[in-house]
Amino acid sequence: MARRDKLLLSSSAQERAVRRLKRFQIEVPSWGFANTGTRFGKFSQDAAAVDLGDKFADAGITHQFTGMTPSVAVHVLWDFPGGFDKSVVTLARKHGVRIGAINPNLFQDQCYKFGSVCNSDARIRRRAVKHMLDSIEIGRQAKSEHLSLWFADGANYPGQADIRRRKKWATSALQKAHKTMPRNMTMLVEYKPFEPAAYFTDFFDWGSSYLFAKAAGPRAKVLVDTGHHLLGCNIEQIVAWLIDEKMLGGFHFNDRKYADDDLTVGSIDPYQAFRIFNEIVAYEWETGRDLDIAYTIDQSHNVKPKVQATIQTVCMVQELFAKAMIVDRKALAASQASQDTVGSEEILRRAFLTDVTPLLKVVRKAMKVPADPLSAYRASGYEQQAAVQRKAKRKALGLSEGGSYA
Ligand code: AFD
Ligand code: MN
Ligand code: MN
């Protein structure tokens, strides 16, 4: 069990930490609230969202209990199956949230079997570009600041595809999208080394996304999904390099044991997540300004109740960021300068092992949210009520158990 040190911060350090934590927000994914599953099956939850209004309601309740999640990342195909119009913006506002990143869906239609922007059939590539341009238009109407791109493009067998031509096709597609984006929009280029493609993916690591983003244009950056790295990869080193290159666009946060497991943040390796936040806080300490990036949860839970898992993961992000906030930066710099390996490590470890509950209590009081958001939510009865209402809604709509519109 990790040692729990009492929080000993100078008042100025505590005030600085409280101010920063009050500003810390993270976007929740619409797809985290509807029933989903794996290729092995879909296990429905009565309380899971049935339609977009339910998803916004769940995001809104998450924000009500945490004070940290005012925006919702949306998936164009899953959330707007019948098209988008301004009523969606009104619906989100009704639930106390706003539309965040726009995620085109370039991986589910049958035509994308052999890829979207990297498909050897120019007609499919053109269709993929059109979907990106349509998604940008949705973003323009929703006043979204991010076009978040994940491509499932890749190959399953050696010899199946021309790697260099695919790179060129993708580059051309991203350049067309970048040209169309409104000036307030940033393109986030996500990477993933495998899945669903098994031999190679076209957007496979931070370097590929970096090169694609650089080629696309000045408002394209790299999106780091913490579940998208080969085992043993040093993610905080990637984050530090991207920060230094001003190419870190944002994160999709989750945790994983083996693959892209969509586990709640910190459930497997909280120290790694803390080290990622440590790089962010170190930059903010040195520059005196917040790192302007998109913090997003990317999880879709099958065995945890959806809203509970979302509140749990958001609170864990906040707790680990708080721990990074209490690292003694001056002492760390001095210790590194004197090459005191143990001393430097101990400064980081002690911050990680410190119980920041007292600090979070101060922050949450100031934000007028419960001191323990998860316990408060679990006692609220929201989930039980949603289960009854949504079960009835599914029945009335003739949806299969656990079915949802999107
Ligand atoms: C899947 C992909 C990727 C993407 C997300 C939402 O692996 O992380 O960002 O779906 O589309 O998790
Ligand atoms: Mn992701
Ligand atoms: Mn993923």
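Preceding block: the structure.
Model, not experiment: these values are computed from the prediction.

Draft legend 1. The arrangement of the site of ligand 1 in detail. Every residue close to ligand 1 is listed here: Trp 31, His 75, Trp 150, Glu 190, Lys 192, Asp 225, His 228, His 252, Asp 260 and Asp 298. A distance of 2.6 Å separates an oxygen atom of ligand 1 from a polar side-chain atom of His 75. Within the side chain of Asp 260, one N or O atom sits 3.0 Å away from an oxygen atom of ligand 1. In isolation ligand 1 exposes 300 Å². Once the protein is present, 90% of that is buried.

Draft legend 2. The arrangement of helix α7 (residues 206-216) in detail. Regarding α7, the residues found buried are Ser 208, Ser 209, Tyr 210, Phe 212, Ala 213 and Ala 216. Those residues of α7 that are buried lie in contact with α6 (163-180), β6 (186-190), β8 (220-225) and α8 (235-244). Measuring from the side-chain oxygen of the N-cap residue of α7 to the backbone nitrogen of Gly 207 gives 2.9 Å; that N-cap residue is Asp 205. Of the residues one or two after α7, Gly 217 is the one with positive phi, at around 150 degrees.

Draft legend 3. Spotlight on the coordination of the manganese ion (ligand 2). Coordination of the manganese ion (ligand 2) by the protein comes from Glu 190 (OE), Asp 225 (OD), His 252 (ND1) and Asp 298 (OD), over a distance range of 2.2 Å. The coordination sphere of the manganese ion (ligand 2) comprises six donor atoms, whose angles at the metal cover 72 to 166 degrees; the geometry is octahedral. Between the manganese ion (ligand 2) and the manganese ion (ligand 3), a spacing of 3.9 Å is present. Taken together, the residues Glu 190 in strand β6 and Asp 298 in the loop between β10 (294-297) and α10 (306-325) connect sequence positions 108 residues apart. On the basis of relative accessibility, which here comes to 2%, the residue Glu 190 falls in the buried class. Judged by relative accessible area, Asp 298 falls into the buried class, the value being 12%.

Draft legend 4. Examining the pairing of strand β2 (residues 71-75) more closely. A large share of β2 lies buried, amounting to five of its five residues. Of the two faces of β2, the one carrying Ser 71, Ala 73 and His 75 and the one carrying Val 72 and Val 74 are both buried. Across two bridges, strand β1 (residues 28-29) lies against β2 in parallel orientation. Within the sheet, the bridge partner assigned to Val 28 lies in β2 and is Val 72. This β-α-β element, β1 to helix α2 (residues 52-66) to β2, shows right-handed connectivity. Relative to strand β3 (residues 98-103), β2 runs parallel, the two sharing four bridges. What sits directly across from His 75, in β3, is Asn 103.

Draft legend 5. Representation of the packing of aromatic side chains in the model. According to the stated counting rule, one finds 22 aromatic pairs in the structure shown. Each ring, one from Trp 31 and one from Trp 78, has its centre 6.3 Å from the other, and the planes form 70 degrees; the classification is edge-to-face. Placement of Trp 31 in the loop between β1 and α2 and of Trp 78 in helix α3 (residues 76-79) is noted, with a sequence separation of 47 residues between them. Assessed through its relative accessible area of 10%, Trp 31 is described here as buried. Of the residues examined, Trp 78 reaches a relative accessible area of 25% and is grouped as partly exposed. Taken together, a centroid distance of 6.2 Å and an interplanar angle of 75 degrees make the contact between Trp 206 and Tyr 210 edge-to-face. Of this pair, Trp 206 and Tyr 210 both sit in helix α7, four residues apart, roughly one helical turn.

Draft legend 6. Representation of the coordination of the manganese ion (ligand 3) in the model. Within the protein, His 228 (NE2) and Asp 260 (OD) serve as the donor atoms for the manganese ion (ligand 3), at 2.2 to 2.3 Å. The class of His 228 is buried, set by a relative accessible area of 3%.

Draft legend 7. Molecular detail of the nonpolar core. In terms of nonpolar packing, the biggest core is built from 107 residues, with Met 187 and Phe 251 touching the most fellow members. Top element by residues in this core is α10. It accounts for 10 residues. Apart from residues no more than four positions distant in its own chain, Phe 251 is found in contact with Leu 223, Val 224, Thr 226, Val 239, Ile 276, Ile 280, Ile 293, Ala 294, Tyr 295 and Thr 296.

Criteria and thresholds
- Residues numbered from 1 in each chain as written.
- Chains lettered and ligands numbered in written order.
- Predicted model: local features only at pLDDT ≥ 70, side-chain atom pairs only at ≥ 80, totals over all residues.
- Heavy atoms only, no water.
- Near = heavy atom within 4 Å.
- Polar contact = N/O pair within 3.5 Å; in protein donor to acceptor, adjacent residues only side chain to side chain.
- Areas by Shrake-Rupley, 256 points an atom, 1.4 Å probe, with all protein chains shown as cover.
- Buried < 20%, exposed > 50% of the residue type's maximum accessible area, 1.4 Å probe, protein only.
- Helix = DSSP H or I, 4+ residues; strand = E, 2+ residues; numbered from the N terminus.
- Contact = heavy atoms within 4.5 Å.
- Donors = N, O, S within 2.8 Å, 3.2 Å for Na, K, Ca; no water.
- Tetrahedral: all angles 85-135°; square planar, octahedral: opposite > 155°, others 65-115°.
- Pairing = 2+ DSSP bridges.
- Right-handed = clockwise from strand over helix to strand, strands pointing away.
- Phe/Tyr/Trp six-rings, centres within 6.5 Å; stacked < 30°, edge-to-face > 60°.
- Core = buried A, V, L, I, M, F, W, Y, C linked by side-chain atoms within 4.5 Å.

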